[in-house]
Amino acid sequence: MAFENLIVEKKPPIGYITVNRPKVLNALNVKTVLELIDAFEEMAGDETIRVVILTGSGEKSFVAGADIKEFQNLSPDDARNYAIRGQKLLNLIERLGKPVIAAVNGYALGGGCEIAMACSIRIASDNARLGQPEVGLGLIPGYGGTQRLPRLVGKGRAYEMILTGEHIDAAKAERIGLVNKVVPRDSLIEECEKLATTIAKQAPLAVRYCLEAVDRGLNGSLDDGLALEADLFGLVFGSQDVKEGVTAFLEKRKPEFKGK
Ligand code: CAA
């Protein structure tokens, strides 16, 4: 599939999606959002890809938000649909069935912070700056920021970021749990690849069920989440991989998972 605003590469077991609009700091226009939906669907359907790394091109920015040029003359109905389209992409990322690592290589603002939050894990370079600056434009976050940010960092810290619109640096983002780890800019992709490789060695079905249990569990009550966990724990015991994993441990050898 050919993309205008993305660079999509596959080096199994890792898939790479790079937002490639460096002149506008990788701002997400509608075309880019639609291309991202296609690219992530392609990664989801490719069994050789076990982990996806999402990043932005250029030295300065991961994604500097929605493309503000498209906000001129947007009607309330258009704006609602705009938000729904972006939310569809972010839900797809969050529910891809395989982990997505955000390699936050610079500005992650507005929709950029939001797309990073939909990823399973965020690794930031030391020059990264994150924020939800929408109030300064007279709008509110529309790609899930009001929902995912408090779930990640707590209500008070989320309010502070959303209501002031201020950017925070990578070190603070790590301190409050918005990113998992901060690394030097030059080693960002390498660090993400190390993490991806470790995850890719685990049993694919187990990884998928872990993602599902955490994501769906967080959206409901503790009791519903525990019931879901028990269901998935049962389901995974129907797989060949659980037999392989347990047998390999007992035989003191490395498991060979098939994803079945
Ligand atoms: N949309 C459109 N264009 C953008 C953009 C965006 N979000 N962010 C940057 N650009 C463009 C700039 O207009 C500029 O273009 P020109 O060269 O044609 O002037 C180019 O990218 C480079 O940007 P700057 O010259 O501004 O670079 P800087 O280093 O001085 O500042 C910055 C960097 C602090 C990130 C600044 O560009 C900025 O504040 N950008 C906007 C960030 C923002 O408000 N994002 C939220 C958007 S709203 C949203 O995302 C809603 C939602 O929830 C979905």
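Each remark here, short or long, concerns the structure printed above.
Here the structure is a predicted model, which is why all the values come from computation and not from measurement.

1. Some thoughts on the pairing of strand β5 (residues 100-104)
Of all five residues making up β5, five are buried, and the element is well covered by its neighbours. Here β5 shows two buried faces, one formed by Val100, Ala102 and Val104 and the other by Ile101 and Ala103. One ladder, built from three bridges, connects strand β3 (residues 51-56) with β5; its direction is parallel. Along β5, the bridge assignment pairs valine 52 with valine 100.

2. Considerations on the site of the ligand
As a structural note, the neighbourhood of the ligand is formed by 24 residues, with Lys60, Ala66, Gly111, Glu114 and Glu134 the closest of them. In this structure, lysine 23 approaches the ligand through a main-chain N or O atom, which is 3.4 Å from an oxygen atom. One of the side-chain nitrogen or oxygen atoms of lysine 60 is found 2.7 Å away from an oxygen atom of the ligand. Summarising the interface, the protein chains cover 65% of the accessible area of the ligand, which totals 990 Å² for the free molecule. Elements supplying a minimum of two residues to the shell around the ligand: β6 (107-109) and α3 (111-118). Grouping the constituent residues of the shell around the ligand by class yields 14 nonpolar, five polar and five charged.

3. Looking at the packing of helix α2 (residues 76-94) against α3
Between α2 and α3, whose axes approach to 8 Å, the crossing angle comes to 30 degrees. The angle between the axes of α2 and α3 places the two elements in the roughly parallel class. Contact residues: α2 offers Leu89, Leu90, Ile93 and Glu94, while α3 offers Glu114, Ile115 and Ala118. Of the residues belonging to the contact of α2 with α3, the class tally is five nonpolar, no polar and two charged.

4. So, the nonpolar core
Membership of the largest hydrophobic core comes to 48 residues, with the highest contact counts inside it found for Leu36, Phe40, Leu54 and Leu178. With six residues, the single largest contributor to this core is helix α1 (residues 30-45). Ignoring sequence-local partners within four residues, the contact set of phenylalanine 40 consists of Ile17, Val52, Leu54, Leu89, Leu92, Ile93, Leu96 and Val100. Listed in part, the 16 residues of the second largest apolar core include Tyr16, Ile101, Val183 and Leu188.

5. Looking at the layout of surface pockets
Roughly 640 Å³ of volume is contained in the largest pocket. Every residue lining the largest pocket is counted, 24 residues in all, and those nearest its centre are Glu94, Met117, Arg148, Asp215 and Leu218. Those elements that provide at least two residues to the lining of the largest pocket are α2, α3, β7 (121-125), α4 (145-153) and α8 (204-218). Broken down by element, the residue count for the lining of the largest pocket peaks at six residues, all from α8.

6. Describing the packing of α1 against α2
Interhelical geometry of α1 versus α2 gives an angle of 25 degrees and a closest axis separation of 10 Å. The orientation of α1 relative to α2 falls into the category roughly parallel. In the crossing of α1 with α2, the sense of the turn from one axis to the other is left-handed. Judged by residue contacts, Val30, Val33, Leu34, Leu36, Ile37, Phe40 and Glu41 of α1 engage Tyr82, Arg85, Gly86, Lys88, Leu89, Leu92 and Ile93 from α2.

7. With respect to the sheet that holds β6
The four strands are arranged β4-β6-β8-β9 in an open sheet whose pairing can be described as mixed. Two strands in the sheet have a free side with no partner beyond their single neighbour: β4 (61-63) and β9 (168-169). As defined by bridge partners, β4 adjoins β6 across two bridges and the pair is classed as parallel. Bridge pairing in β6 links valine 63 to alanine 108.

Parameters at a glance
Residues numbered from 1 in each chain as written. Predicted model: local features only at pLDDT ≥ 70, side-chain atom pairs only at ≥ 80, totals over all residues. Heavy atoms only, no water. Buried < 20%, exposed > 50% of the residue type's maximum accessible area, 1.4 Å probe, protein only. Helix = DSSP H or I, 4+ residues; strand = E, 2+ residues; numbered from the N terminus. Pairing = 2+ DSSP bridges. Near = heavy atom within 4 Å. Polar contact = N/O pair within 3.5 Å; in protein donor to acceptor, adjacent residues only side chain to side chain. Areas by Shrake-Rupley, 256 points an atom, 1.4 Å probe, with all protein chains shown as cover. Nonpolar A, V, L, I, M, F, W, Y, C, P; charged D, E, K, R; others polar. Axes fitted to C-alpha atoms, helices over the stretch in contact; angles between N-to-C directions. Parallel < 35°, antiparallel > 145°, perpendicular 65-115°, else oblique. Contact = heavy atoms within 4.5 Å. Core = buried A, V, L, I, M, F, W, Y, C linked by side-chain atoms within 4.5 Å. 1 Å grid on protein atoms, 1.4 Å probe; cavity = no way out; pocket = protein on both sides within 12 Å on 5 of 7 lines; lining within 4 Å. Points joined across faces, edges and corners; volume = space filled by probe spheres on them. Left-handed = near helix turned anticlockwise from the far one by under 90°.

None of the figures reported here should be taken as evidence of function without further support.
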